[in-house]
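Take a look at the letters that make up each chain.
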Amino acid sequence: MKTVTVKNVTLGEGAPKICVPMVGKTAEALCEEAKMLLSVDLDIIEWRVDFFEQVTDLVAVEAVAKEIRALLPETPILFTFRTKKEGGEREVPTAYYFELNQTMIQSQLVDLVDIELFMGDEQISESIQLAKENAVKVVMCNHDFDKTPAKEEIVSRLCRMQTLQADICKIAVMPQSTQDVLTLLDATNTMKEQHANRPIITMSMGGIGVISRLAGETFGSAMTFGAAKQASAPGQVSVNSLRTILDVLHESV
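Here the structure is a predicted model, which means the values were calculated and not measured. (Residues numbered from 1 in each chain as written. Predicted model: local features only at pLDDT ≥ 70, side-chain atom pairs only at ≥ 80, totals over all residues. Heavy atoms only, no water.)

Here's the deal with the overall build of the chain
Working step 1: The helix and strand inventory of the chain stands at nine helices and 11 strands.
Working step 2: The C-alpha radius of gyration of the chain comes to 17 Å, within 12% of the 18 Å expected for a compact globule of 253 residues.
Working step 3: If one aligns the C-alpha atoms of the chain with their principal axes, the spans along those axes are about 45 × 40 × 30 Å. (Helix = DSSP H or I, 4+ residues; strand = E, 2+ residues; numbered from the N terminus. Rg over C-alpha atoms; globule rule 2.2 N^0.38 Å.)

Here it is as structure tokens:
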């Protein structure tokens, strides 16, 4: 499996890297969040721009991105607009979704962009090519907030992301039982051992799925999401607890 390095962080080796979301609604709130995160033990920051009140204004988004980058010059930044259908805060037209992502790719103010799997292969391919030209990595993802698909379907979706040439492949699912959590972990392990040639990120959301956010090094997930202030998805663990547990598990591997 090839690793992916952004700034000084390498995904796909060692303990899962910790990603913390920024969910400020205004430029002022985002800058305060960025300053606060300077003192947090994290590896990557995810700017969840779907929370930003001015997200439909490209000039405003890029202006805030410049401020965040100035405050966090050495921290890898993942730029994410999460659509409503995949658990995000709002919906925008598909054309704008890609215009937003492509604008941020070309700005080179972020290190990674999040692109959802089911947004249309042609526009996805265009965005991935643009990202390669601008040395920005693509995290392709899929979220199911209703259920946990069958193991074969989880593996199939991750393989599809690889086929589309994502740099990192991510899936998050909602468990209805502990068996669902085992299904996600089994799919992760099978993907790692039989199919993955690049880093993958998997998680089972909610309270009973928390184990999946901690055991990535054992089963094959390269990154986990932790909350420094406000969680952006159900089941996120506080960063301090997350680092402690990940270190303990890493030492035993």
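Now, onward.
Re the UniProt feature "binding site: 3-dehydroquinate" (unreviewed entry) in the chain
Working step 1: UniProt annotation of "binding site: 3-dehydroquinate" (unreviewed entry) refers to Glu46, Trp47, Arg48, Arg82, Arg213, Ser232 and Gln236 when read in the numbering used here.
Working step 2: Along the polypeptide, tryptophan 47 turns up in strand 4 (residues 44-48).
Working step 3: Using a relative accessible area of 1% as the deciding quantity, one classes tryptophan 47 as buried.
Working step 4: Position of arginine 48 among the secondary structure elements: in strand 4.
Working step 5: Overall, arginine 48 belongs to the buried group, its relative accessible area being 4%. (UniProt positions renumbered as here; feature names shortened; annotations may be inferred. Buried < 20%, exposed > 50% of the residue type's maximum accessible area, 1.4 Å probe, protein only.)

A few points about the environment of threonine 83
Working step 1: Along the chain, threonine 83 falls in the loop between strand 5 (77-80) and helix 3 (94-107).
Working step 2: Here the alpha-carbon distance between threonine 83 and glutamate 116, two residues 33 residues apart in the chain, equals 8.4 Å.
Working step 3: Among all residues touching threonine 83, those that are not within four sequence positions of it are Gly88, Arg90, Glu91, Tyr97, Glu116 and Met119.
Working step 4: In terms of polar contacts, threonine 83 uses its side chain to reach the side chain of glutamate 116, at 2.6 Å. (Contact = heavy atoms within 4.5 Å. Polar contact = N/O pair within 3.5 Å; in protein donor to acceptor, adjacent residues only side chain to side chain.)

With respect to the UniProt feature "active site" (unreviewed entry) in the chain
Working step 1: Here the UniProt feature "active site" (unreviewed entry) sits at His143 and Lys170. For the residues just named, distributed over 28 residues, the greatest C-alpha separation is only 8.6 Å, placing them together at one site.
Working step 2: Mapped onto the secondary structure, histidine 143 falls in strand 7 (residues 137-144).
Working step 3: Mapped onto the secondary structure, lysine 170 falls in strand 8 (residues 168-173).
Working step 4: For lysine 170, the residues in contact, after removing those within four places along its chain, are Arg82, Val139, Met140, Cys141, Asn142, His143, Leu158, Met161, Ile201, Met203 and Phe225.

Brief notes about the pattern of salt bridges
Working step 1: Per the counting criterion, the structure on display carries 12 salt bridges.
Working step 2: A salt bridge links arginine 82 to glutamate 116; the nearest nitrogen and oxygen atoms lie 3.0 Å apart. Taken together, the residues arginine 82 in the loop between strand 5 and helix 3 and glutamate 116 in strand 6 (residues 112-116) connect sequence positions 34 residues apart.
Working step 3: A salt bridge links aspartate 144 to lysine 147, with the nearest nitrogen and oxygen atoms 2.8 Å apart.
Working step 4: On the accessibility criterion, aspartate 144 (8% relative accessible area) is buried.
Working step 5: If you follow the salt bridges from partner to partner, you end up with Lys7, Arg69 and Asp111 in one network. (Salt bridge = Lys/Arg side-chain N within 4 Å of Asp/Glu carboxyl O.)

Comments concerning the layout of surface pockets
Space left empty within the atom packing is revealed by a probe, the size of a water molecule, rolled over the atoms.
Working step 1: In this model, the largest pocket occupies a volume close to 150 Å³.
Working step 2: Contributing to the lining of the largest pocket are 14 residues, with Gly12, Glu13, Gly14, Gly220 and Ser221 lying nearest its centre.
Working step 3: Its residues assigned to classes, the lining of the largest pocket comprises six nonpolar, five polar and three charged. (1 Å grid on protein atoms, 1.4 Å probe; cavity = no way out; pocket = protein on both sides within 12 Å on 5 of 7 lines; lining within 4 Å. Points joined across faces, edges and corners; volume = space filled by probe spheres on them. Nonpolar A, V, L, I, M, F, W, Y, C, P; charged D, E, K, R; others polar.)

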